[in-house]
Amino acid sequence: MAVFKQQPLAGAIALVLGCATATTALAQTEESSPVFEEVTVLASPIRDSQRAAIDAKRMADNYVDVISADTIGRFPDQNLADALARVPGLAVERDQGQARYVNFRGAPFRYTALAIDGMQIPGAENGRVPRFDSFPAVITSRIEANKAITPAMPGEAIAGYINIETFDPFAKEGLGLSMDIGSGEQQMGGGDVETRSLRLSWSGENLGLMVYGSKDSREQITDNRELNLATGAGGELMVNEMEFRSYEVERENEAYGGHLEYRFDDGLSRLFVSSLYSEFVDHEQRNQYAFDLAGGAGAIGGAINPGDSGYQPLVLVQRWLQDGEYSNSTDSQTLGLDLQLESWLLEARYNHTETENNMLLPIVMSAGGTAAADYDLSDLEDPAMSLYDGFTTNPLDLADISYSTNLGMPLSSELLVESDQFKLDASRELSFLGHDHKLQLGLLYDQRESSGYALSMQRGPFPSTIDVDSFDTGEAWESDFGNGIGGSYFDNAGLLAAWEAAAGKVTGSPADDQIVNIDEDITSLYVMNTTEFDWGNLVYGVRVENTDYSSTGPEANYSDSFTNVLPSAHINYNMTDNQKLRLSFNTGISRPTYNEWRAAAAANPLSETISGGNPTLEEEKSWGMDASYEWYLGDSSLVAVGAYYRSIDKVIYDAISTIDAGLYYAPAAGEQWDYVGTVNGKDGELKGVELNVIAQAGDVFGLDADNPLGGFGFSGNVSALDSEFETLEGEKFSLPGTSDLVYNASMYYEWDGFSIRLNYQYRDDWMTATESAGMAEYWAPQERLDMSMRYALPFDLYGAEVSLYLNANNLTDAVDVRYTGSEETPNQVERYGRRYMAGVRVSF
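Cut-offs and rules
- Residues numbered from 1 in each chain as written.
- Predicted model: local features only at pLDDT ≥ 70, side-chain atom pairs only at ≥ 80, totals over all residues.
- Heavy atoms only, no water.
- Helix = DSSP H or I, 4+ residues; strand = E, 2+ residues; numbered from the N terminus.
- Rg over C-alpha atoms; globule rule 2.2 N^0.38 Å.
- Buried < 20%, exposed > 50% of the residue type's maximum accessible area, 1.4 Å probe, protein only.
- Contact = heavy atoms within 4.5 Å.
- Lys, Arg positive; Asp, Glu negative; His and termini not counted.
- Charge placed at Lys NZ, Arg CZ, Asp CG, Glu CD.
- Pairing = 2+ DSSP bridges.
- Patch = residues over 30% accessible without salt bridge, like charges linked within 9 Å, V, L, I, M, F, W, Y side chains within 5 Å.
- Areas by Shrake-Rupley, 256 points an atom, 1.4 Å probe, with all protein chains shown as cover.
- Salt bridge = Lys/Arg side-chain N within 4 Å of Asp/Glu carboxyl O.
- pLDDT = per-residue confidence, 0-100.
- 1 Å grid on protein atoms, 1.4 Å probe; cavity = no way out; pocket = protein on both sides within 12 Å on 5 of 7 lines; lining within 4 Å.
- Points joined across faces, edges and corners; volume = space filled by probe spheres on them.
- Polar contact = N/O pair within 3.5 Å; in protein donor to acceptor, adjacent residues only side chain to side chain.

### As for the overall build of the protein chain
Helix and strand counts for the protein chain come out as eight helices and 44 strands. In terms of overall dimensions, the protein chain is globule-like: its C-alpha atoms have a radius of gyration of 29 Å, near the 28 Å expected for 844 residues. Expressed as a percentage of the 844 residues in the protein chain, the buried residues total 55%. Sequence-distant contacts, at least 24 apart, represent 71% of the contacts inside the protein chain between residues at least 6 apart. Side chains of the protein chain give 54 positive and 129 negative charges; the mean places of these two sets differ by 5 Å.

### Some points on the pairing of strand β5 (residues 112-116)
A large share of β5 lies buried, amounting to five of its five residues. Burial along β5 is two-sided: the residues T112, L114 and I116 and A113 and A115 are all buried. Alignment of β5 against strand β8 (residues 160-166), held across five bridges, turns out to be parallel. Bridge pairing in β8 places L114 opposite I162. Sheet topology note: the β5/strand β6 (residues 119-120) ladder contains two bridges and is antiparallel. When the bridges of β6 are listed, A115 appears paired with Q120.

### A word on a negative patch on the surface
Together, D649, D683, D722, E724 and D740 line one region of the surface with negative charge. Within the fold, D722 resides in strand β33 (residues 712-726). Judged by its relative accessible area of 34%, D722 falls in the partly exposed class.

### Observations regarding the confidence of the model for the protein chain
Averaged over every residue, the pLDDT of the protein chain is 89; residues scoring 70 or more account for 93%. The low-confidence segment residues 5-42, where pLDDT is below 50, has 51 contacts with residues more than four positions distant or belonging to other chains. Within the model, the stretch residues 770-774 combines pLDDT values under 50 with 10 contacts to residues more than four positions away or in other chains.

### Considering empty space enclosed by the protein
Scanning the entire structure with this criterion turns up 14 cavities of 30 Å³ or more. Surrounding the largest cavity, 26 residues form its lining, V66, I67, R86, I694 and S715 being those nearest its centre. Elements with a contribution of two residues or more to the lining of the largest cavity: α2 (45-59), β2 (64-68), β32 (682-696), β33, β35 (741-751) and β36 (754-763). Here the lining of the largest cavity gets five residues from one element, more than from any other, and that element is α2. The volume enclosed by the second largest cavity comes to roughly 110 Å³. As for the second largest cavity, its lining consists of 14 residues, and the residues nearest its centre are V92, R94, Q761, Y762 and R763. Counting only elements with at least two residues in the lining of the second largest cavity, the list comes to β3 (90-95), β35, β36 and β39 (782-792). Top element by residues in the lining of the second largest cavity is β3. It accounts for four residues.

### Considering the pattern of salt bridges
This structure, assessed with the given rule, holds 46 salt bridges. The salt bridge involving E685 is made with K687; its shortest N-O contact spans 3.5 Å. One salt-bridge network, in which partners are shared between bridges, spans K57, D65, R105, K147, R582, D626, E630, R646 and E690.

### Examining the side chain of D216
Here D216 shows up in strand β11 (residues 207-231). Buried and unpaired, D216 has R218 as its nearest opposite-charge partner, separated by 5.1 Å. Side-chain polar atoms of D216 contact the side chain of T195, separated by 2.4 Å. In this view, D216 contacts E194, T195, R196, R251, E252 and N253; residues no more than four positions away in its chain are not counted.

### A look at unusual backbone geometry
If a residue is not glycine, its phi is most likely negative; likewise, a peptide bond is most likely trans. A positive phi angle is found at D117, which is not glycine, with a value near 50 degrees. Structurally, D117 can be placed in the loop between β5 and β6. Look at Y798: it is not a glycine, yet its phi comes out positive at around 55 degrees.

Set out below in structure tokens:
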């Protein structure tokens, strides 16, 4: 069904608010009842949360921004990527409207390292790229976005290092509970949106325990138009192909885990074990029609007429149907021991993590259809088409198009990464030469194994006993576009069931040139010292990382080893009690992804070309500088200005180059063939400036705590970014992910338990691919307005604090556009609508 079973938002809001009203009345009329305890609400949760984050930033020994857990909860965030989008210099890339990846300071996704409680997590995609849409807020105590990297942090962090700190069971004495229940609606298609989370903790004198679980689900319609456009010799638009797609999407995030800890009587030593499992599943039904105008013109010996509208007497038509699934998961367990031995504090960790990233799209492709068509692209955000019988203007129903052949095309990929980390850190405080020092030493051994295969497609005849047309439900697409082609939804689940009944289970199968089989051992050592002065401190040291890897493929094996020496130094200068200047020098690396490093390729002796992975790729290397000025205005206000520069060598990108063919095809050893895949470029750089303002009216205007005007506040940041690298052919591109301008603005008011917050985000164009000047793909500018309201009930319920909330996402009803070359030639236009949710949070 196209339109999901609706759970009206109005009913959810009425239920929540009705319960609140009834509960308030009961509290007022039954004051003697032991159930409710009336209290006076004077707390300022937003301000308190900002104060905690600002204090953490102020006390840090490096350039860092911090997000507290309460701040995450008070924005209408769908996941942690949304929360990170408000950090100065950070921007998100979305998939069908939902934040998924983070561009840290305009850098590619791979330039960011992700850790949970200090243990680095392999990227769920390609072993390097972090996914932020599968980690729940319920586990998060705070998020640290480190912009200047110290020797104690992973070296694989050219842009930054994000550490997610989980909740401490000892943070609350005795029993603690936090619960969130919310329901709402995705506007397009009326899909249900639900969230459920529960965290329980208990702590005694020496023992602490925490368990948690969460599940989020979203149903939505994604309306998509994909275009193949070109520019003629005279600058006219040439419409080669138009695709109309409607996706029925059901996405689920599920997470659960816990933490058990014993603390010794010295107050510093502890023994703990923690576990985290998180999974993201995207179940997607595709209904797609492709109209090849240029192919139809060529079939009758003609060519497409230039212009953004016209009539084509013959159009070649394909239909693509699918009931498929994307999934990724992280399963991580950590055993830790902190031990105070005289003047040394030892911190030992063992971590085992498995990440999986799988895709299976069983596509039924019908080809050989024909029609005539009018098309109109005068409004590029609403492409239109009307269908006719071939070579006529007699209207044609889409369902009446007949196809000459049906093909079964399972599209799949799989990647499993297993990581075993052994980590030992030691620190002590000492005094010499008239200064206090903190000396830190560390060792990390990370053993990784990855196996699977990159994107592979099978193609074969579809069972002839199945009538594909019989699965057409006749239900019209839900659309914000003009649905000129008259698309209707197919029962894709039923079609897949019939396919499997006739031909057996539909599974993916790897192509030989896509196989990934890599073993990687990373050994790291670091020494770091912090020297205290009257004016602040100096943090300096070096990290050494050695990487051994082997890549095995069907026709070739390759192994290599390299060592990187990564020094850094940080100056934290206290100009006054409320003003701080930070300067730093950083170095870092970025290793190739496992797909890029795979020793699998396909050799074509006829064309003398090879396509596939490149196990000889070198790591990208960087050095850079950071500077920031921070002015702390009161407890909860801040003005900060920052600037940074990174020089990056050996930038990895997709290209055509020449290699010794014998690496993959022994008979051609010594011959130079074209290689299509990833190579190392040169002369990359990344730079930018950031401004961050957090202003609370009470701090700025000196208002008393009991003045209602003191409840107003503002936070905003703007970043101007720039990047560039040079290909082997001398072409210059920006790095993927760099928007020239990114800004966020949030205004809020809170008073007497009520708070409302509006948040606006904007980023301008950025590139997503780097193959060549003619193939580079860009996202057009994006802007979003979100809103969150919250009301804390003025009494406790059985000792628990209860608050009601209403979230609204994408109030601007954003349309996502991608293009090649310029915005005049978009290749994808996508709509997904607004999202609303109401719910209740309980904590004690």
